[in-house]
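Listed below, chain by chain, are the residues.
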Amino acid sequence: MNRPHWSRLALLAAVCIIFAPLLWADGETQPARDPRQPVDEAYTAKMKKYTTEPFFTSPLVNYLPASKSVPTPEAVLGDVAGAPGILPYAKDVYKYMRMLEKASPRVKVFSIGTTEEGREMVAVAVSSEENLKKLEENRAKLAKLADPRRLQMNDAEADKIVAQAVPVYYITGTIHSPETGAPTALMELAYRLAVDDSAYLKEIRDGMITLITPVVEVDGRDRMVDIYKWHLAHPKDFYPPLVYWGKYVAHDNNRDAMGVTLKLTENVMNTYVKWNAQVLHDLHESVPYLYDNTIGDGPYNAWIDPILADEWQMIGARNVADMTKFGMPGVFAHGNFDTWSPGYLMFIAALHNGISRLYETFGNGGADTLERTLEPEEYARTWYKQNPPLPKVLWSQRDNNNYEETGLLVSLHYFNENKRTFLKNFYLKAKRSIEKPSSEGPTAYVLPADEARPTLQLELLRVLQKQHVEISRTTSSVTVTLPVKKEKKTSKTAEKKETKKDEKPEPTSKTFPVGSYVIRMDQPYSRIADALLDHQYWSPEDPQKTPYDDTGWTFGELYGVHVSRIVDGKILQAPMERVTELRAPGGVKGEGNIFAIENHAEPVLASLRYRLKDVDMQVAEEAFEAGGKKFDAGTVLLKAADRSQLDSAIKEFGVQSVALGTAPNVKSHPLRAARILLLHSWLGTQTAGWWRLALDKLQIPYDYASTQTIAGTADLRRKYDVILFPPVGWGGSLNNIINGLPTEWGNPLPWQNTPETPNLVGKNDATADLRPGLGWDGVAQLHKFVNDGGVFITVMDTSQFAAGIGIATGVSSNNSEKVKIVGAVVGTRVVDGASPIAYGYSEKVPAYCDNGPVFSLSSIAGSRRRRKLGPEMSERPTGRGSKDDPDFAVGRLGREAPEEPEAESWENPNVTDEQRYNNSRVIPPAMRARVVLRYADAKDLLISGLLEGGGEIAQHPAVVDASFGKGHVVMFSINPVWRGETQGTYSLVLNTVMNFDSLDAGRKNDEK
Ligand SMILES: [Zn+2]
C-alpha cells in the first residue's frame, strides 16, 4: 500500500517484458514455449531421442509442457507419440481422447457414427473451457454464416457474427491405413492444445475450436495395426501387404466424396456440416517430408468459388514459409496433385463453402525407424521446393509426427490470426452460392417426373441428399426456355450465317410435369450439386498431362437418368415444395394373376428377382401388347405370385407392376436368381470391392472367393451359374493373375485371424498365403466351368485375361496405345437390342471408361493379320480415267471385281470365299462373338472428361458376349460398376446374371 506508485508500474513493466508473448516483426506471436510452464522432461527427452536429425523438429513441438492433472499420450501408449514400435489401435486412441476429456474441461469427445464393420468413429473438440461451454450458442452463429438466408443475406448482420463467432478447424487422420502416423500425432496435438500455456497455443485454444477425427478408416486402422504387430513378432519375415482396408475398398475410400457410398464419408460429411466447420484438413503420408497440396497444381476444379482458390494460396504459402523459417527441409506446396476431381474426402469442404486442405507427410508404413533413400525427383530442388528433402536419411515415426504437428500448429495459428477474414469468406462463399442463379447460373437442375427409371432417379437424389443439398418438387407443371446452342464458327458456317443473317435460331422450351424434382441453385450447397450434375471437359491441350484421378463423372449420365440444366430464372418461380423423404411409388395396378413389370434397366429388378427367389419369373423376348398397353422386350412377367408378398416386395424396391388378365402370347424365357461367385485376386481387392458394395446394397447374394480357391473347386458349374471377375486393378496382368506373387522364395504371407492379428479378416476373405494366384489348374477349372454352360463376366484387365487364356472365341483384346481416356464418361451404342444383356436400354448408353482394352472381333479363330508381300492396295492403280473410274486392260473387255462387303469396326468381319476354302478355323456363325454395346463414333465418344486419340477405340465393341463351349464369356471394356457412381450401367451386369442360361435369346446369325 505504501509502496510508491512508480515502483508498482516498474514491476508491472518488468513482468510484461519477461512474460509477454514474443512478437514477430509483423505483430504476430512468435512460436515459443512459455518459460513459466514446466516441461515434461522425461517425455521431452524421449521425443528428442526418437527425432533423427535436429532439424526434423520445431520450436512448437521440441518440448512437451507438463501437467499435473492431464495425462500425456504415454498413459496409453506406454511411450511418447511417434515412438518406434508403437502403433495404437483406434480403441486405444479413443481411450486416450476420453482420458483427456475426463481430465480437462478443454476437451470433448463426440461419437460421429460407425463403420461398415461396426467400429466407432469419433470427433474430438479441443478449445477453451468457455468456448466448449458455448458450443451450441456458437454453432447457431456459424449456422447463420453457413446459410445467409437466415440473415436475410444481410452483410452487416453477418459482420456482427463474423466479429464474435469462434471458427471450427476440422482435422481428419489416417483415412489411408498404411499411412500410420496421424493418430499419435493427433493424440499429442490434442494434449498440447489442451495443456500448453504458451501464448502461441493459447491463442489457438481461445480463438477457435480444433475438431479432430484421429482415425477415419477405423476398420483399416485396426487391420494395419494387426499387420504391424505380426511384423514385430516375425521381424525377419516379409509381412503381408494390407490387402483389405475397410470392408469394401482401400485407398479409394478417399475417392468417395462424390457418391458418398461409404460410412466414413457419410460420417465425416455430417460432422463437417453439423459443426459448420470452415476447414477440413485431411492427413496423408506418401511424400517427403511435408507436401501441403492445398495449392497443388492445375487444373483446379471448375465449380469451386475463386475465393477458395485464394485461400488455398494464402494458407499453403504461409504454411511453407513458417516451417521453412524453422529450418525444416522438404516442405512445399506445389506438386503434381491437381484439384480437378471432387472425390477426395477434403473436398467435402471445398464444395460446401469451406476450405479443403491435405498434407502428404513422410511415413514408413508402420512405426519402424528406417533408412530411407529418395528418388532424384523427390530430392531435386525445384522452384517451389527451394529446401528439398535429403537424398538419404534415417527417418522415424517421431520425425513424421513432428512434421504433422508443426504443420497443423502453424496452420491453426495462422488461421486464428486471420479468422475474421476466413469467417467472412465462409459467409461470402455461402452467399455467392445462393446468388448463383443470378450471378453465374445455372438456375436449377430438373429431374423430370416422367422419368422412365424412377428408382435410379431416386438413387441420384439420395446422393444429393447425403451431400445436404436441398431438393424440391414442383406442384404444377412448368415450362422453361432452353438456351440456344451456339454453332461453332467455322468458315463454312460463317458462310451459312451470312446468307441467313436475319434469322436468329429460335429458343426452344421444355415443359416439366408436376412432381418433377428441382435442385435449386439458390441454396448454400448449390456448388456440390452443380459439380456433380454438370458436364466436365478436360482439354487434351491442358498443360497437366497426368490427371490425378477421374476426369469426368456427370451423375445424370452415369445414372442413366434425365437431368436438365436450366438457365431460365422462371424455374425458381414455379410452385414447388421441399422434399425430405425420397420414396419411389411402387405398387401393383389392376386385377389378374400375371404381373408385368416394364424393364428400364433399373437394378432393383434384380433385387426383386432375388427377394422373390421362388416365384416364377419370365422375361419377354419381344415387344407385346396386353390390356391395351404396349410392353417392350425385356418386360418381366411374374406368374402365380402371392399378391401380398409381391406387393410388399414391389413397394419396398419402388417397382411398378401391372396385373394382366391373361398371360400374353409372347416368346419368353425364365429370369433366374443365378448363383453368383464373385471372384477376386489377392493382387488387389478394391476394384472388386466396389462390386461387392453394389451387390450388397441391392441385396443380391453371392459367394466371394479368391482365384486360389478355383483350382480346388472340382465342379464349379455345379455350384455356380455365373462367375463375376471384376477388374483386378494394379498388376492385373495375365501372368500375375495366374502366377500371383513369387513363391519360390520368401515366406508365406498369411491373411488370417491369429492372436496377433485379431482384426485382419473381418467380414472379408482369408488365406494362409496370399501369394499364389489362380494357377494352371484354376485356368483349367475356369475353362471347364464355361465349357459346361457357365457364364464368366470379365471387365477390363480380366477381359484381357479371358482373351489370353483362350475362352473368348473370336474376340481379341489389346491394351490401347494411342487413346487416352482417363476415368471419363463416354458414349456407347446398343448394337444388339435383342440380347438379354441390353434389356431395358435404349440406343445410347453413357458409360464409365478408364482406357478400357480395345476389343476386336474375328470370324476366323486365331486369325492374325498376315504381312502382305508388297504395299497394301486400297485405291485403284495408276491407269486411265479418273480416281473413281475402273481401270482397263488393252485387248480385252473389262470385268468388274466382286464387291466384298465391309464390316463395321464392331462387327464380325465377313469371311470371303477365298478364306473359306478348306479352312477349319472359320468360326461357325452361331459361335461368333455377339456385340451388345459398342463405343460411339469418335465425334460422339466424349461425354465428360478427358479423351484424346479416341479413334483407336471408337466403334469398337464395349460389351461383347463370346461363346465358349456351352457357356459364355461376357466381356466389358467399360467398367459398369465403379465407386457407386455408375448405377445406370449396373443392369448390363445384372441382366447377364439373370439371363445366364438364355443369353442367346434373340440372336441372329450371319449367313456366312
Ligand atoms: Zn493417402
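Residues numbered from 1 in each chain as written. Predicted model: local features only at pLDDT ≥ 70, side-chain atom pairs only at ≥ 80, totals over all residues. Heavy atoms only, no water.

> Explain the overall build of the protein chain to me, please; I cannot follow it from the model alone.
For the protein chain, the helix and strand inventory stands at 32 helices and 37 strands. In terms of overall dimensions, the protein chain is globule-like: its C-alpha atoms have a radius of gyration of 32 Å, near the 30 Å expected for 1008 residues. For the C-alpha atoms alone, the extent of the protein chain along its principal axes is close to 135 × 75 × 75 Å. Contacts spanning at least 24 positions in sequence make up 81% of the contacts within the protein chain whose residues lie at least 6 apart. Accessible surface, the protein chain: about 42400 Å² in total, of which carbon and sulfur atoms supply 51%. Averaged over its 116 positive side-chain charges, the protein chain has a centre that lies 2 Å from the centre of its 127 negative ones. (Helix = DSSP H or I, 4+ residues; strand = E, 2+ residues; numbered from the N terminus. Rg over C-alpha atoms; globule rule 2.2 N^0.38 Å. Contact = heavy atoms within 4.5 Å. Areas by Shrake-Rupley, 256 points an atom, 1.4 Å probe, with all protein chains shown as cover. Lys, Arg positive; Asp, Glu negative; His and termini not counted. Charge placed at Lys NZ, Arg CZ, Asp CG, Glu CD.)

> Would you take a moment to explain the sheet that holds strand 6 (residues 290-300) for this structure?
Paired through backbone hydrogen bonds, the strands of a sheet run either parallel or antiparallel to each other. Taken together, the eight strands give an open sheet; going across it, the order is 1-2-4-3-5-8-6-7, and neighbouring strands pair in mixed fashion. Across the chains shown, the open sheet's two edge strands, defined by having one partner strand only, are strand 1 (107-114) and strand 7 (331-339). Across the sheet, the axes of successive neighbouring strands diverge by a mean angle of 30°, strand direction being ignored. As judged from the five bridges shared by strand 6 and strand 7, these two strands associate in the parallel manner. Each residue of the ladder has a partner; that of Tyr291, found in strand 7, is Phe332. Across the face of the sheet, helix 4 (residues 90-103) comes into contact with strand 1 and strand 2 (120-126) while running at roughly 145° to strand 1. Against the sheet, helix 15 (residues 397-417) engages strand 3 (168-172), strand 4 (209-213), strand 5 (279-284), strand 6, strand 7 and strand 8 (355-361), with an angle of about 155° to strand 8. (Pairing = 2+ DSSP bridges. Axes fitted to C-alpha atoms, helices over the stretch in contact; angles between N-to-C directions.)

> Would you mind showing me how to read the coordination of the zinc ion here?
Octahedral metals with six donors have ideal donor angles of 90 or 180 degrees. Tetrahedral metals with four donors have an ideal donor angle of 109.5 degrees. Here the zinc ion is held by His176 (ND1), Glu179 (OE), Glu179 (OE) and His284 (ND1), and the distances to it run 2.1 to 2.5 Å. Geometry at the zinc ion is irregular, judged from its four donor atoms and the angles of 55 to 150° they form at the metal. (Donors = N, O, S within 2.8 Å, 3.2 Å for Na, K, Ca; no water. Tetrahedral: all angles 85-135°; square planar, octahedral: opposite > 155°, others 65-115°.)

> Explanation requested: the packing of aromatic side chains in the structure shown.
Working definition: an aromatic ring pair is given by the centre-to-centre distance plus the angle between the planes. Considering all chains together, one arrives at 32 aromatic pairs under this definition. Measuring from centroid to centroid gives 5.9 Å for Trp340 and Trp538, while their planes differ by 85°, and the two rings are edge-to-face. Taken together, the residues span a long stretch of sequence, with Trp340 in the loop between strand 7 and helix 13 (347-350) and Trp538 in the loop between helix 20 (526-533) and helix 21 (555-558) at a distance of 198 residues. One exposure class covers both Trp340 and Trp538, and it is buried. Taken together, Phe55, Phe56, Tyr289, Phe362, Trp395 and Tyr403 form an aromatic cluster joined through their ring pairs. One residue, Lys629, lies across the ring of Phe631, its end atom 5.5 Å from the ring centre. The lysine or arginine in question, Arg934, covers the ring of Trp906, its NZ or CZ lying 3.9 Å from the ring centre. (Phe/Tyr/Trp six-rings, centres within 6.5 Å; stacked < 30°, edge-to-face > 60°. Buried < 20%, exposed > 50% of the residue type's maximum accessible area, 1.4 Å probe, protein only. Lys NZ or Arg CZ within 6 Å of the ring centre and 35° of its normal.)

> Where do I start with the nonpolar core in this structure?
Nonpolar side chains in soluble globular proteins tend to end up buried together. Counting residues in each nonpolar core, the largest one holds 160 residues, and the members touching the most others are Leu145, Tyr403, Leu409, Leu461, Leu464, Ile519 and Phe555. With nine residues, helix 8 (residues 182-195) is the single largest residue contributor to this core. Residues within four places of Leu461 in sequence aside, it is in contact with Leu447, Ile471, Tyr517, Ile519 and Leu582. Counting 88 residues, the second-largest nonpolar core is a separate cluster that includes Ile676, Leu770, Val795 and Val989. (Core = buried A, V, L, I, M, F, W, Y, C linked by side-chain atoms within 4.5 Å.)

> Please explain the sheet that holds strand 20 (residues 616-620) as it appears in this structure.
Across the sheet, which stays open at both edges, the six strands sit in the order 18-24-19-23-20-25 with mixed pairing between neighbours. In this open sheet, the two strands that pair with only one neighbour each are strand 18 (587-589) and strand 25 (668-670). Direction aside, the axes of adjacent strands within the sheet are offset by 30° on average. Here strand 19 (residues 594-597) runs beside strand 23 (residues 636-639); their pairing, made up of four bridges, is antiparallel. Within strand 23, the residue paired with Phe595 across the bridge is Leu638. Strand contacts of helix 24 (residues 643-653): strand 18, strand 19, strand 23 and strand 24 (656-660), with the helix running at about 125° to strand 18, the strand carrying the most contacts.

> Quick question: what am I supposed to make of the environment of Gly335 here?
As for its placement among the helices and strands, Gly335 is situated in strand 7. In this structure the C-alpha to C-alpha distance between Gly335 and Asp297, which are 38 residues apart in sequence, comes to 6.0 Å.

> Help me understand the pairing of strand 3 in this model?
Within a regular beta strand, the side chains point alternately toward one face of the sheet and then the other, so they alternate between its two faces. Most of strand 3 sits inside the fold, with five of its five residues counted as buried. Alternating positions in strand 3 separate into two faces, Val168, Tyr170 and Thr172 on one and Tyr169 and Ile171 on the other, with burial throughout. When strand 3 meets strand 4, the two strands line up parallel, connected through five bridges. Within the sheet, the bridge partner assigned to Val168 lies in strand 4 and is Ile209. Where strand 3 meets strand 5, four bridges bridge the pair, whose relative direction is parallel. Bridged to Ile171 within strand 5 is His281.

> Please clarify how the side chain of Asn995 should be interpreted in this entry.
Here Asn995 is to be found in the segment after helix 32 (986-994). Classification of Asn995 by relative accessible area gives buried; the value is 0%. When neighbours within four sequence positions are excluded, Asn995 is seen to be in contact with Val619, His669, Leu671, Pro836 and Tyr839.

> Where do I start with the environment of Glu116 in this structure?
Checked against the element boundaries, Glu116 lands in the loop between strand 1 and strand 2. We classify Glu116 as partly exposed; its relative accessible area is 24%. For the pair formed by Glu116 and Asp219, sequence separation is 103 residues and the distance between their alpha carbons is 8.0 Å. With near-sequence residues (within four places) excluded, Glu116 lies in contact with Asp219, Lys247, Tyr248, Thr261, Leu262, Lys263 and Lys763. A distance of 2.9 Å separates a polar atom in the side chain of Glu116 from the backbone nitrogen of Lys263. (Polar contact = N/O pair within 3.5 Å; in protein donor to acceptor, adjacent residues only side chain to side chain.)

> Which parts of the structure should I look at to understand the pattern of salt bridges?
Pairing of side chains with opposite charge becomes possible as their charged atoms draw close. Per the counting criterion, the structure on display carries 57 salt bridges. For Glu440, the salt bridge is made with Lys436, and the minimal N-O distance between the two is 2.8 Å. Several salt bridges share partner residues, and in doing so they unite Asp305, Arg432, Lys436, Glu440, Arg527 and Asp530 into one network. (Salt bridge = Lys/Arg side-chain N within 4 Å of Asp/Glu carboxyl O.)

> So what exactly am I meant to see when it comes to unusual backbone geometry here?
With the exception of glycine, most residues fall at negative phi, and the peptide bonds are largely trans. In the segment running from Gly298 into Pro299, the intervening peptide bond is cis, with an omega of -5°. Counting through the fold element by element, Pro299 comes out in strand 6. The omega torsion of the bond from Gly441 to Pro442 falls at -5°, within 30 degrees of zero and hence cis. A positive phi angle, near 50°, is found at Asn276, a position not held by glycine. Asn276 gets classed as buried once you look at its relative accessible area, which sits at 9%. Even without being glycine, Asn353 reaches a positive phi, approximately 70°. The residue Asn353 is located in the loop between helix 13 and strand 8 in this model. Here Asn353 falls in the buried class, since its relative accessible area comes to 4%.

> Is there a simple way to explain the pairing of strand 23 in this structure?
Here four bridges tie strand 20 to strand 23, and the two strands are oriented antiparallel to one another. By the bridge assignment, Gln618 is partnered in strand 23 with Leu637.

> Just checking my understanding: could you explain the packing of helix 18 (residues 454-466) against helix 20 for this structure?
What describes two packed helices is the angle between their axes and the distance between those same axes. At a closest axis distance of 10 Å, the pairing of helix 18 and helix 20 adopts a crossing angle of 145°. Crossing of helix 18 over helix 20 shows right-handed handedness. On the side of helix 18, the interface is formed by Leu460, Val463 and Leu464, while helix 20 contributes Ala529, Leu532 and Leu533. (Left-handed = near helix turned anticlockwise from the far one by under 90°.)

> Sorry if this is basic, but what is going on with the confidence of the model for the protein chain here?
Summary statistics for the protein chain give a mean pLDDT of 93 and a share of 94% for residues scoring 70 or more. In the model, residues 11-18 has pLDDT below 50 throughout and makes one contact with residues more than four positions away in sequence or in other chains. (pLDDT = per-residue confidence, 0-100.)

> How do you make sense of the packing of helix 8 against helix 15 when you look at a structure like this?
Viewed as axis vectors pointing N to C, helix 8 and helix 15 meet at an angle of 45°, and their least axial separation amounts to 9 Å. By the angle between their axes, helix 8 is oblique relative to helix 15. When you trace helix 8 past helix 15, the crossing you get is right-handed. Facing helix 8, whose interface residues are Ala182, Thr184, Ala185, Leu186, Glu188, Leu189, Arg192 and Leu193, helix 15 presents Gln397, Arg398, Asn401, Glu404, Glu405, Leu408, Leu409 and Leu412. (Parallel < 35°, antiparallel > 145°, perpendicular 65-115°, else oblique.)

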